[in-house]
Amino acid sequence: MSIDTDTAARVAKLARIKVEDDALPALAQEFNNILGFIEQLNEVDVDGVEPMVSVTPMRLKRRKDGVTDGDQQDKVLANAPDSREGFFAVPKVVE
Amino acid sequence: MTELNTLKISEARDALRKGDVTSVELTQACLTAIEGADALGAFVHKTPEIAMEQAQAADARIKAGDAPDMCGIPMGIKDLFCTKGVPSQAASGILNGFKPEYESTITSQLFDAGTVMLGKLNMDEFAMGSSNETSVYGNAVNPWRAGNSDAALTPGGSSGGSASAVSSDLCLAATGTDTGGSIRQPAAFTGITGIKPTYGRCSRWGIVAFASSLDQAGPMTKDVRDAAILLEAMCGHDPKDSTSADLAVPNFEAMLTGDIRGKTIGIPKEYRMDGMPDEIEALWAEGRAMLEDAGAKIVDISLPHTKYALPAYYVIAPAEASSNLARYDGVRYGHRATLAQGDGITEMYEKTRAEGFGAEVQRRVMVGTYVLSAGFYDAYYNRARKVRTLIKKDFEDVFAEGVDAILTPATPSAAFELGKEVSDPVEMYLNDVFTVTVNLAGLPGIAVPTGLDKQGLPLGLQLIGRPWEEGDLLNTAYALENAAGFVAKPAKWW
């Protein structure tokens, strides 16, 4: 599997990380190095093997579906880069 | 009396209880040591006011006669732990200015026990790295130097600041976290002890997430006894972490008898790597002989899928990271890029993440995005999860045959020079070759210093235990520590 600059650009877009066009060839090369290393996994016979879901065999605990926390709007917003009138503020999303 | 910052937890605890020393005195000694050690780059946010307040409270509690073991003990906290009102950045620019409004479960438990926090410790950005060179704060430096050289060595990573601080006696102990070896590799590089407990032993709540199915916190200490004391304080069930185990926490220190007669120790042949330095080979053979002399039965074992652990890890960890790090979008906390006229929300995300994340973090997020993307999910991610099942089964098989613990080298080399391995990410990944299997299988693993190489740098061995049997594992490590008699300390140059 070889990654070209178009694929690198698509992955950067999916990851929402801005990568300048002139940096794409080097990025594609790095992906190829890492994926080349990962390719070794194709040597393993995994027929009939279940993919691991949880490393320790445990049942997730259940609890009542009720409100356990809240009423701390000021704390929730305290670290926001931009908050207004009790909300997180972002650039215009809908035209 | 020796300088107070050089004490171990056990020594300080006993001296505090006898009234020979106060927590305020211990804390002042550490704060003085920290002030003179900026060259190590270990403490990145110092909290002397909090420390002195906690120390005074601890002294009052000790005087009242009802203090837990960790009461009054000055510690450093890895920057990955959220600490209320104190910068908690995971060594990343994207969390610049972030001060949590809450306290992680582990630091809450430690503070409830009376522990003193001296400050936050350096690390690789989002715990991604093996040399502490991806930190936004700059490198942490190993207090050890090779021979007469004054070249700066890595303390390892990702818990490099923790390792550097404990090794240079800036604090009595530190917290670390371990996703692929981030407690055990730096411990080995700096001549200290570090244990990653069984997955689920320590709550992950309030610890900045890297790869949630692999992340575990643990102690980094000056010896095995201290690791036992601190681990007990860090463990316990937490309803806020759904993978936290609801199991009783034993008194680990009481299990340190040093008697390992009749125990079976496995030596896995797959850990004998091509090109492994002779010194590591010799260290491993010495460890084997030490445990045999202590009365353990040594057996050769096979863990056939070992070779595939690192490639599986470099699918699973980036996949989980790409998902976990999606939350850093410039909306709720941390950095937001300055936007140009006409930029919309997508540009805000893309610019914020490009500015806030360092190169290695960006690389791993994008690799993770790729292996999870449509068309590749089965070929990469599901295949890696199947290989992970096989790696865990390797261990289950040898434990079923009666093996109590497994002895391996902790690292493939001693600490290397800062700047040496940065250029090739895959080369850097090989640092975790002996430790990463343990995370994939969810097992407890401990690194113990057992010798010096010919340049005078510390080397460590790793013991891997059965799930939930940290007490037994610590006792085997204690026997190894007693036999090795490692007491070397780095010569002070900072």
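Preceding this paragraph is the structure being described.
Please read these numbers as outputs of a predicted model, since none were measured by experiment.

A tally of regular secondary structure across chain B gives 15 helices and 11 strands. Relative to its length of 494 residues, chain B is compact, with a C-alpha radius of gyration of 21 Å against a globular reference of 23 Å. Taking the intrachain contacts of chain B between residues at least 6 apart in sequence as the baseline, contacts between residues at least 24 apart amount to 77%. Accessible surface computed for chain B: about 16200 Å², of which carbon and sulfur atoms make up 49%. Taking the average location of the 44 positive side-chain charges in chain B and that of its 63 negative ones, the two points are 3 Å from each other.

Before going further, it helps to spend a moment on the nonpolar core. Counting residues in each nonpolar core, the largest one holds 182 residues, and the members touching the most others are Phe126, Phe395 and Leu474 of chain B. With 10 residues, helix H9 (residues 309-324) of chain B is the largest single contributor of residues to this core.

Time to look at the interface of chain A and chain B. Taken together, the contact pairs 52 residues of chain A with 66 residues of chain B. Here chain A packs against chain B, burying approximately 5000 Å² in sum over the two surfaces, 71% of which is carbon and sulfur. Linking chain A to chain B there are 4 salt bridges. Salt-bridge contacts for Asp246 of chain B lead to Lys61 of chain A; the nearest nitrogen and oxygen are separated by 2.5 Å. Summed over the shared surface of chain A and chain B, the number is 18 residue pairs in polar contact (both at pLDDT 80 or more).

On to helix H15 (residues 470-484) of chain B. Residues and elements named next belong to chain B. In this model, H15 (15 residues) spans 20 Å end to end at C-alpha, consistent with the 21 Å of a helix rising 1.5 Å per residue. With respect to burial, H15 is a largely interior element, 12 of its 15 residues being buried. The complete set of buried residues in H15 reads Glu470, Gly471, Asp472, Leu473, Leu474, Asn475, Thr476, Ala477, Tyr478, Ala479, Leu480 and Glu481. In the segment just after H15, Gly485 is the residue with positive phi, at about 55°.

A few words on the packing of aromatic side chains. Residues and elements named next belong to chain B. Overall, the coordinates contain 17 aromatic pairs over all chains when judged by the stated rule. Here Tyr102 and Trp205 contribute two aromatic rings whose centre-to-centre distance is 5.5 Å and whose plane-to-plane angle is 55°, an arrangement assigned as tilted. Highlighted residues: Tyr102 in the loop between strand S2 (74-78) and helix H4 (105-112) and Trp205 in the loop between strand S5 (193-196) and strand S6 (216-221), separated in sequence by 103 residues. Note on Tyr102: relative accessible area 36%, which makes it partly exposed. The exposure class assigned to Trp205 is partly exposed, which follows from its relative accessible area of 27%. Cluster of aromatic residues (ring-pair linked, three or more members): Phe98, Phe126, Tyr328, Tyr333 and Phe357. The cationic tip of Arg145 hangs over the ring face of Trp493; the distance from NZ or CZ to the ring centre is 3.8 Å.

On to the environment of Phe126 of chain B, then. Residues and elements named next belong to chain B. As for its position among the elements, Phe126 is in the loop between strand S3 (116-121) and helix H5 (160-167). On the basis of relative accessible area, Phe126 is assigned to the buried category, the value being 1%. Linking Phe126 and Lys99, residues 27 residues apart in sequence, is a C-alpha distance of 16 Å. Look past the residues within four positions of Phe126 in its chain and what remains in contact with it is Leu80, Ala90, Ser92, Ile94, Leu95, Val208, Phe210, Leu325, Tyr328, Phe357 and Val361.

Our focus in this paragraph is unusual backbone geometry. The linkage connecting Gly157 of chain B with the following residue, Ser158 of chain B, adopts the cis geometry, with an omega of 10°. Topologically, Ser158 of chain B is positioned in the loop between S3 and H5. Even without being a glycine, Arg16 of chain A presents a positive backbone phi close to 55°. Along the polypeptide, Arg16 of chain A turns up in the loop between helix H1 (5-14) and helix H2 (24-38). Residue Arg16 of chain A is classed as partly exposed on the basis of its relative accessible area of 32%. The backbone of Ala127 of chain B shows a phi angle near 65°, a positive value even though the residue is not glycine. Assignment of secondary structure puts Ala127 of chain B in the loop between S3 and H5. Given a relative accessible area of 3%, Ala127 of chain B falls into the buried group.

With that out of the way, let us pick up the side chain of Glu360 of chain B. Looking at the element boundaries, Glu360 of chain B is found in helix H11 (residues 359-372). Apart from the residues lying within four places of it in its own chain, the contact partners of Glu360 of chain B are Met128, Thr134, Pro425 and Tyr429 of chain B.

Our next topic: the environment of His335 of chain B. Residues and elements named next belong to chain B. With respect to the secondary-structure elements, His335 resides in the loop between H9 and helix H10 (345-356). Separated by 240 residues in sequence, His335 and Leu95 place their C-alpha atoms 6.0 Å apart. Contacts of His335, omitting those with residues within four sequence positions, involve Gly93, Ile94, Asn96, Gly330, Thr352, Glu355 and Gly356. Only 2.7 Å separates the side chain of His335 from the side chain of Glu355, close enough to count as a polar contact.

What counts and how
Residues numbered from 1 in each chain as written. Chains lettered and ligands numbered in written order. Predicted model: local features only at pLDDT ≥ 70, side-chain atom pairs only at ≥ 80, totals over all residues. Heavy atoms only, no water. Helix = DSSP H or I, 4+ residues; strand = E, 2+ residues; numbered from the N terminus. Rg over C-alpha atoms; globule rule 2.2 N^0.38 Å. Contact = heavy atoms within 4.5 Å. Areas by Shrake-Rupley, 256 points an atom, 1.4 Å probe, with all protein chains shown as cover. Lys, Arg positive; Asp, Glu negative; His and termini not counted. Charge placed at Lys NZ, Arg CZ, Asp CG, Glu CD. Core = buried A, V, L, I, M, F, W, Y, C linked by side-chain atoms within 4.5 Å. Buried < 20%, exposed > 50% of the residue type's maximum accessible area, 1.4 Å probe, protein only. Buried area = accessible area lost by both parts, 1.4 Å probe. Salt bridge = Lys/Arg side-chain N within 4 Å of Asp/Glu carboxyl O. Polar contact = N/O pair within 3.5 Å; in protein donor to acceptor, adjacent residues only side chain to side chain. Expected span 1.5 Å × (residues − 1). Phe/Tyr/Trp six-rings, centres within 6.5 Å; stacked < 30°, edge-to-face > 60°. Lys NZ or Arg CZ within 6 Å of the ring centre and 35° of its normal.

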